[in-house]
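Overview (structure and organization)
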Amino acid sequence: MSTEHPDFTDDLAELESAEDFLTYFGIAFDPKVVRINHLHILQRFHNYLNGAGKAPEYETWKHLLARAYQDFVHSDALTEGVFSVFKRARGIQTVAITAIGRRQP
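Since the model is a prediction, treat every value here as computed from it, not as a measurement.

To continue, consider the nonpolar core. In terms of nonpolar packing, the biggest core is built from 21 residues, with Leu-12, Phe-21, Phe-25, Ile-41, Phe-45 and Leu-65 touching the most fellow members. Of all the elements in the fold, those that place two or more residues in this core are helix H2 (18-24), helix H3 (31-50) and helix H4 (58-89). It is H4 that provides the largest number of residues to this core, a total of seven residues. With residues up to four places along the chain from it excluded, the contact list for Leu-12 reads Phe-21, Phe-25, Pro-56 and Trp-61.

Next up, the structure:
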């Protein structure tokens, strides 16, 4: 797969996982976060790329995918933080939200 070629549609067809997309576009990511949340991240990718509204361009997609991943990480971390504060206020032992209702492949 080459990012130098202006038409990378064939390369995109080979990408199957969130890890594939992040690696192909050179976006730094936490493998544990992606492994546990890959379906949620792919959905976020889909939503951001649908908003692009034009044919795939490498730099545009790289920007959108990086933004989608960071948005996912930020929103998930924020949700987990709020959940932890709520549980502490209730005197309940804190459990990471990523451990609730999400199975590893």
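Turning next to the side chain of Asn-37. By secondary structure assignment, the location of Asn-37 is in helix H3. Exposure remark for Asn-37: the relative accessible area of 2% places this residue in the buried category.

Taking 1.5 Å of rise per residue, the 20 residues of H3 would be expected to cover 28 Å, yet its terminal C-alpha atoms sit only 25 Å apart, more than 12% below that figure. Along its length, H3 reaches its greatest deviation from straightness, about 85 degrees, at Asn-37. Restricting attention to buried positions, one finds in H3 the residues Val-34, Ile-36, Asn-37, Ile-41, Phe-45, Tyr-48 and Leu-49. Two to three positions downstream of the cap, the backbone nitrogen of Lys-32 sits 2.9 Å from a side-chain oxygen, assigning the N-cap of H3 to Asp-30.

Here the chain averages 75 in pLDDT, and 65% of its residues register 70 or above. The secondary-structure element of the chain with the lowest mean pLDDT is H4, recorded at 74, while H2 shows the highest, at 92.

This part covers the environment of Tyr-58. Relative to the assigned elements, Tyr-58 resides in helix H4. Classification of Tyr-58 as buried rests on a relative accessible area of 16%. Taking the C-alpha atoms as reference, Tyr-58 lies 7.9 Å from Phe-25; in sequence the two are 33 residues apart.

Our focus in this paragraph is the packing of aromatic side chains. The tally for this structure, following the rule as stated, stands at four aromatic pairs. On the basis of an interplanar angle of 85 degrees and a centroid distance of 5.0 Å, the ring pair of Tyr-24 and Phe-25 is categorised as edge-to-face. An identical accessibility class is assigned to Tyr-24 and Phe-25; each is buried. Relative to Tyr-58, the ring of Tyr-24 has its centre 6.1 Å away and its plane inclined at 75 degrees; by these criteria the two rings are edge-to-face. Of this pair, Tyr-24 sits in helix H2 while Tyr-58 sits in helix H4, and the two are 34 residues apart along the sequence. A single burial state applies to Tyr-24 and to Tyr-58, both of which are buried. Ring pairs connect the aromatic residues Tyr-24, Phe-25 and Tyr-58, which therefore count as one cluster.

For Val-34, the position within the fold is in helix H3. Of the residues examined, Val-34 reaches a relative accessible area of 0% and is grouped as buried. Contact partners of Val-34, with chain neighbours within four places excluded, come to Ala-18, Glu-19, Leu-22, Phe-29, Ile-41 and Tyr-69.

Conventions we followed
- Residues numbered from 1 in each chain as written.
- Predicted model: local features only at pLDDT ≥ 70, side-chain atom pairs only at ≥ 80, totals over all residues.
- Heavy atoms only, no water.
- Core = buried A, V, L, I, M, F, W, Y, C linked by side-chain atoms within 4.5 Å.
- Buried < 20%, exposed > 50% of the residue type's maximum accessible area, 1.4 Å probe, protein only.
- Helix = DSSP H or I, 4+ residues; strand = E, 2+ residues; numbered from the N terminus.
- Contact = heavy atoms within 4.5 Å.
- Expected span 1.5 Å × (residues − 1).
- Bend = angle between axes of the 7 residues up to and from the residue.
- Polar contact = N/O pair within 3.5 Å; in protein donor to acceptor, adjacent residues only side chain to side chain.
- pLDDT = per-residue confidence, 0-100.
- Phe/Tyr/Trp six-rings, centres within 6.5 Å; stacked < 30°, edge-to-face > 60°.

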